[in-house]
Structures are given as structure tokens and as C-alpha cells.
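Reading the structure
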Amino acid sequence: MTNLKGKHIILGISGGIAAYKSAMLLRLFVKAGAEVQVVMTPNGKEFITPVTLSALSGKPVISEFFTANTGEWHSHVDLGLWADAMVIAPATASTLAKMATGVADNMLITTYLSAKAPVFVAPAMDLDMMAHPTTTRNLATLKADGVHIIEPATGELASHLTGRGRMEEPEKIAEALDAFFGRQQSLRGRKVLITAGPTYERIDPVRFIGNFSSGKMGYALAAEAARRGASVVLVSGPSALPDPAGDVTTIRIESAREMLAACEEHFADSDITIMSAAVADYAPAHPRDRKIKREHEDVPVMELVKNPDIAATLGARKRPGQILTGFALETDNEMANARQKLAKKNLDMIVLNSLADKGAGFGTDTNKVSIITTDTVTEVPLKSKTEVAGDILDRITELL
Ligand code: CTP
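Cut-off values and rules
Residues numbered from 1 in each chain as written. Predicted model: local features only at pLDDT ≥ 70, side-chain atom pairs only at ≥ 80, totals over all residues. Heavy atoms only, no water. Helix = DSSP H or I, 4+ residues; strand = E, 2+ residues; numbered from the N terminus. Contact = heavy atoms within 4.5 Å. Expected span 1.5 Å × (residues − 1). Buried < 20%, exposed > 50% of the residue type's maximum accessible area, 1.4 Å probe, protein only. Arc of directions from axis to C-beta. Pairing = 2+ DSSP bridges. Near = heavy atom within 4 Å. Polar contact = N/O pair within 3.5 Å; in protein donor to acceptor, adjacent residues only side chain to side chain. Areas by Shrake-Rupley, 256 points an atom, 1.4 Å probe, with all protein chains shown as cover. Axes fitted to C-alpha atoms, helices over the stretch in contact; angles between N-to-C directions. Patch = residues over 30% accessible without salt bridge, like charges linked within 9 Å, V, L, I, M, F, W, Y side chains within 5 Å. Salt bridge = Lys/Arg side-chain N within 4 Å of Asp/Glu carboxyl O. Domains from an automatic or database assignment.

Focus: the environment of Met217
Structurally, the position occupied by Met217 is in helix H9 (residues 216–227). Along the primary structure Met217 and Thr364 are separated by 147 residues, whereas in three dimensions their C-alpha atoms are 9.1 Å apart. Setting aside residues up to four positions removed in sequence, Met217 forms contacts with Phe327, Asn367, Lys385, Val388, Ala389 and Ile392.

Some points on helix H8 (residues 170–185)
Helix length check: H8 (16 residues) gives 23 Å between terminal C-alpha atoms against 22 Å at 1.5 Å per residue, within 8%. Burial in H8 covers these residues: Pro170, Ile173, Ala174, Leu177, Asp178, Phe180 and Phe181. Along the long axis of H8, the arc covered by the buried residues comes to 155 degrees, so they all point the same way. Looking at the buried positions of H8, the neighbouring elements they touch are helix H1 (19–31), strand E3 (85–91), strand E4 (119–123) and strand E5 (148–149).

Things to note about the sheet that holds E3
An order of E2-E1-E3-E4-E5 is seen for the five strands of this open sheet, with the pairing classed as parallel. Two strands close off the open sheet at either side, each with one partner strand: strand E2 (35–40) and E5. Bridge analysis of E4 against E5 gives two bridges, and the strand direction is parallel. Across the sheet, Phe120 pairs through a bridge with His148, a residue of E5.

Let's talk about the site of the ligand
If you check the shell around the ligand, you find 14 residues, and the closest are Met275, Ala277, Ala311, Lys341 and Lys345. Note that an oxygen atom of the ligand is positioned 2.8 Å from one of the backbone N or O atoms of Ala277. If the ligand stood free it would expose 560 Å²; the protein chains cover 76% of that surface. Those elements giving two or more residues to the shell around the ligand turn out to be helix H11 (310–317) and strand E16 (323–330).

Concerning the sheet that holds strand E11 (residues 231–236)
Ordered in space as E12-E11-E8-E13-E16-E17-E18-E19, the eight strands form an open sheet in which the pairing is mixed. At either margin of the open sheet sits one strand with a lone partner, and together these are strand E12 (248–252) and strand E19 (377–384). Across the sheet, the mean angle from the axis of one strand to that of its neighbour is 15 degrees, orientation sign disregarded. Inspection of the sheet shows strand E17 (residues 349–354) paired to strand E18 (residues 366–372) by four bridges, in the antiparallel sense. What sits directly across from Val351, in E18, is Ile371.

A short note on the pairing of E4
Extensive coverage of E4 is indicated by the burial of five of its five residues. The alternating pattern of E4 places Val119, Val121 and Pro123 and Phe120 and Ala122 on opposite faces, both of which are buried. Sheet topology places E3 next to E4; four bridges connect them, and they run parallel. Among the inter-strand pairings, Val87 is bridged to a residue of E4, identified as Phe120.

Topic: a nonpolar patch on the surface
Taken together, Ile17, Tyr20, Met24 and Phe47 make up a surface patch of nonpolar side chains, about 410 Å² in accessible area. Position of Ile17 among the secondary structure elements: in the loop between strand E1 (8–13) and H1.

A look at helix H13 (residues 385–399)
Compared with an ideal rise of 1.5 Å per residue, which puts 15 residues at 21 Å, H13 spans 21 Å between its outermost C-alpha atoms and is within 8% of the ideal. All of the buried residues along H13 are Lys385, Val388, Ala389, Gly390, Asp391, Ile392, Leu393, Arg395 and Ile396. Those residues of H13 that are buried are in contact with H9, strand E13 (272–275), E16, E17, E18 and E19.

Points about the side chain of Lys385
Residue position: Lys385 is located in helix H13. When neighbours within four sequence positions are excluded, Lys385 is seen to be in contact with Lys216, Met217, Ala220, Gly361, Gly363, Thr364, Asp365, Thr366 and Asn367.

Quick notes on the pattern of salt bridges
All chains considered together, the criterion is met by 19 salt bridges. The salt bridge involving Lys216 is made with Asp365; its shortest N-O contact spans 3.1 Å. Taken together, the residues Lys216 in helix H9 and Asp365 in the loop between E17 and E18 connect sequence positions 149 residues apart. Judged by its relative accessible area of 55%, Asp365 is exposed. Two residues, Arg395 and Glu398, come together in a salt bridge whose shortest N-O distance is 2.5 Å. With Arg395 and Glu398 both in helix H13 and three residues apart, the pair spans about one turn of that helix. Since its relative accessible area comes to 57%, Glu398 is described here as exposed. Overlapping salt bridges, with partners in common, bring together Glu224, Arg227, Arg228 and Asp394 in one network.

Points about unusual backbone geometry
Residue Ala89 is joined to Pro90 through a cis peptide bond whose omega torsion reads 0 degrees. Checked against the element boundaries, Pro90 lands in strand E3. In this structure, His160 is a non-glycine residue whose phi angle is positive, near 75 degrees. Classification of His160 as exposed rests on a relative accessible area of 63%.

Notes on the pairing of strand E9 (residues 201–204)
Successive side chains on a regular strand alternate, one facing one side of the sheet and the next facing the other. Of the strand pairs in this sheet, E9 and strand E10 (residues 207–209) are connected by three bridges, and their pairing is antiparallel. Each bridged residue has a counterpart across the sheet, and for Asp204 the counterpart in E10 is Arg207. Remark: two residues form the turn of the hairpin made by E9 and E10, two consecutive strands paired antiparallel.

Concerning the domain arrangement of the protein chain
Here the protein chain is partitioned into domain 1 (2–184) and domain 2 (191–399). Taken over C-alpha atoms, the centre of domain 1 sits 39 Å from the centre of domain 2.

Here it is, written out as C-alpha cells:
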């Protein structure tokens with residue numbers, strides 16, 4: 001576990017039997033070279049003593065908002081800024097509920113609300129609490145808020161019942177953090193070019209030919225690539241989404257021709273190019289300067305011209321070492337069509353999504369895809385677009 005060295009970790013401990021395992025987790029973090037600050041809920045102290053934890057971490061444990069005898073105030077804001085990651089293990093049903101709703105009545109939750117770093121939770125509770133719709137709902141909320149859930153294992157519980165709710169083993173939690181920090185570095189120094197959204201092809205000043213693409217998949221890819229250390233150029237067609245944060249230069253264009261021009265400017269420098277835009281295949285041959293008026297004309301007949309194929313244009317210019325990835329949204333003969341596009345556009349990888357799959361495709365926050373190279377197919381089940389972006393970037397990193 002080399003990626004934890006020098007990292008600042010807040011270890012949050014709430015009140016569950018599994019708290020005894022937190023000492024082991026703390027030990028693993030410290031052994032791997034991390035600096036750890038323990039923050040406990042008042043109930044957490046009933047299960048493991050602060051003395052043990054401060055001895056292992058080499059730092060006083062924080063539990064209250066201030067130290068009673070000196071009046072020293074503990075700043076959750078400073079702590080939130082100090083941390084590279086926050087791990088809450090065990091996370092009880094109550095702590096998860098407070099996190100999901102912002103009930104800031106203890107130091108652990110105020111620290112969570114101030115944390116700028118990624119947050120991980122390792123839930124631990126009895127099987128009925130784990131299976132309760134409230135817990136399911138709270139975990140879904142936290143996941144949507146970007147919290148990483150380290151899923152509990154199935155096994156014997158403190159109640160002696162057997163079921164799902166055992167906190168994941170400390171080694172597994174430490175490995176998850178190590179892998180996370182490893183991924184954060186995986187695209188450092190790389191230049192990534194991404195296209196996203198629809199293109200609009202003007203008919204007249206008020207009308208266009210376009211499609212239903214929202215840009216969500218491409219924006220998720222841009223944000224995730226930046227989180228992994230890449231320098232990203234995002235060429236986006238009209239999309240309601242805000243510019244992604246981090247090292248992302250967002251270039252907003254309207255038509256396929258403008259998208260091609262922006263890509264041509266940045267392609268030569270890019271190590272990785274991902275074409276997730278839904279480019280309009282045709283544009284009006286003679287867009288009008290003035291609005292077409294209904295009462296002045298019969299039903300107009302519109303002549304169309306083919307738009308340039310951006311992916312194929314870049315594919316033809318690709319140098320050895322550059323990775324070019326496309327998307328395919330198909331309704332029929334999906335695999336065969338995707339493979340054909342992979343070859344024809346000289347792509348290294350193509351991401352296939354099917355309009356037939358519920359929760360996949362345009363406008364949704366989730367996607368279900370197959371990641372295809374000439375000799376591999378990786379099926380990615382239905383997940384958030386951010387998680388799918390992570391899987392796509394994992395595969396691209398393997399190809400680099
Ligand atoms: N693409 C592109 N420029 C175009 C059309 C598509 O760069 N003019 C890219 C898309 O961004 C995507 C891939 O090519 O990465 C496949 O897009 P798709 O629309 O599925 O393919 P087309 O080649 O347009 O084929 P068809 O519409 O006939 O399925």
C-alpha cells in the first residue's frame with residue numbers, strides 16, 4: 001500500500017461494536033505512512049477508548065466541540081481542509097442518517113459537512129437495520145452526494161444473527177483507500193480531450209436540427225479525468241450543465257463544424273481523446289439569415305449536407321501512443337455496429353450504450369455500457385455516469 005504515504009486521513013468512529021476494528025484500521029493507515037486524526041461520536045467512546053486510539057495515531061482524539069478544561073475550540077473547518085480523505089468506520093445507521101440529512105449535533109458530522117476531501121463510509125449494523133428502507137434511502141442519498149460506500153459484508157453479526165451488515169475488514173478498507181489514491185494519480189501529466197453534448201445545426205435564427213443528448217456522460221468523464229490528475233479540454237455542444245470543476249478548459253460550441261475546429265486545435269497535444277458527443281449527422285445546406293415565416297411560404301423543403309465525421313477525421317491523424325475512444329448509441333445490431341465503427345474510425349476503444357436499456361442513454365444520471373476494444377469486451381452494469389466514467393478511464397489507463 002504505497003499510495004497512503006503522507007496522506008492526511010480523518011478516521012471517523014461512530015458507536016457500534018465494530019469500533020474495536022477501527023484500531024486495526026488506524027494501525028494499517030499509520031503503518032502505510034498516513035497521518036491520521038481520529039474523530040469520534042460520543043457513543044463511539046462507549047465501544048473503544050480514546051486512549052487506545054490516540055496512542056496509535058499519536059494525536060489526541062477529537063470528540064467534543066471544545067476541550068472542557070481549557071476551553072480550546074476544535075475547528076471542524078480546519079480539519080475538513082487538512083484532510084485528503086475522511087473515512088467513517090464504523091458508520092452506524094444513526095450516523096448515516098445524520099450525514100444524509102445534515103443533523104450536525106456532533107463533531108463527526110460537522111467535520112463531515114466541512115470536509116472538502118472525498119468521504120468513505122463503512123456501514124456496520126444489524127441485518128434488519130441494514131435492510132430497512134430508511135438505511136437504503138440514506139445510503140442512496142449519500143451515494144448521490146458523492147460519498148463512497150464501502151459495502152458491508154455478509155456474516156455473523158454482534159447479535160449472533162447471520163446476515164448483511166458486518167463492517168468490511170480493516171485490510172479491505174485500507175486497500176480501498178490505497179486504490180483510490182492510486183487512481184487519483186493515474187492520469188497525472190496526461191492531456192485529455194473530450195467532446196460532449198449534442199450539436200445544433202441552424203435552420204434559421206430560431207430553429208435547429210439537434211438531438212436529445214444532455215452532455216452528462218461527457219461532463220462526468222471530464223470531471224473524473226481531472227480528479228485523476230489529467231489536464232482536460234472539454235469541447236461541449238449546447239448543454240445546460242455547468243463547467244466541470246478542476247483542471248478542465250470548457251470550450252462551448254454549437255455546430256459539428258465548430259466542434260471539429262476546436263478538436264483539431266487540441267488533438268495533436270492530447271494523449272487521450274474521448275468522443276462522447278452526439279454529433280448531428282446532417283446540417284441544413286442553406287441556413288437562413290432571417291426567420292422562415294409560415295404565412296409567406298409553402299411547406300419548405302430543406303436540403304441537407306453531411307457533417308464531417310470528427311472521430312474518423314481524428315482517427316486518420318492518430319499517432320502511435322495516442323488513445324482514441326468513441327461512443328456508439330445503437331438500437332439494432334448493437335455489437336456488430338459498434339465493432340464496425342471501432343474499425344472504420346480507427347478507434348482504440350468504443351463504448352456501446354443501448355437505447356433499449358432502461359436507465360441508459362440520453363438525459364439519465366445512470367448508464368449501462370459495454371466497453372469494446374478489438375479483442376476485449378467489458379460489460380459495465382447499470383451505475384451512475386460518474387462511476388461509468390471511472391470504469392472507462394480505468395480501461396483507457398490500461399491501454400496507455
Ligand atoms: N461522431 C463524430 N462525428 C460525427 C458523428 C459521430 O465524431 N459526425 C462520433 C461520436 O462522437 C461517437 C462515434 O463517432 O463517438 C459514433 O457516433 P454515432 O452517431 O453512433 O455514429 P455515426 O458514425 O454517426 O453512425 P450512425 O449515426 O449511422 O449510427
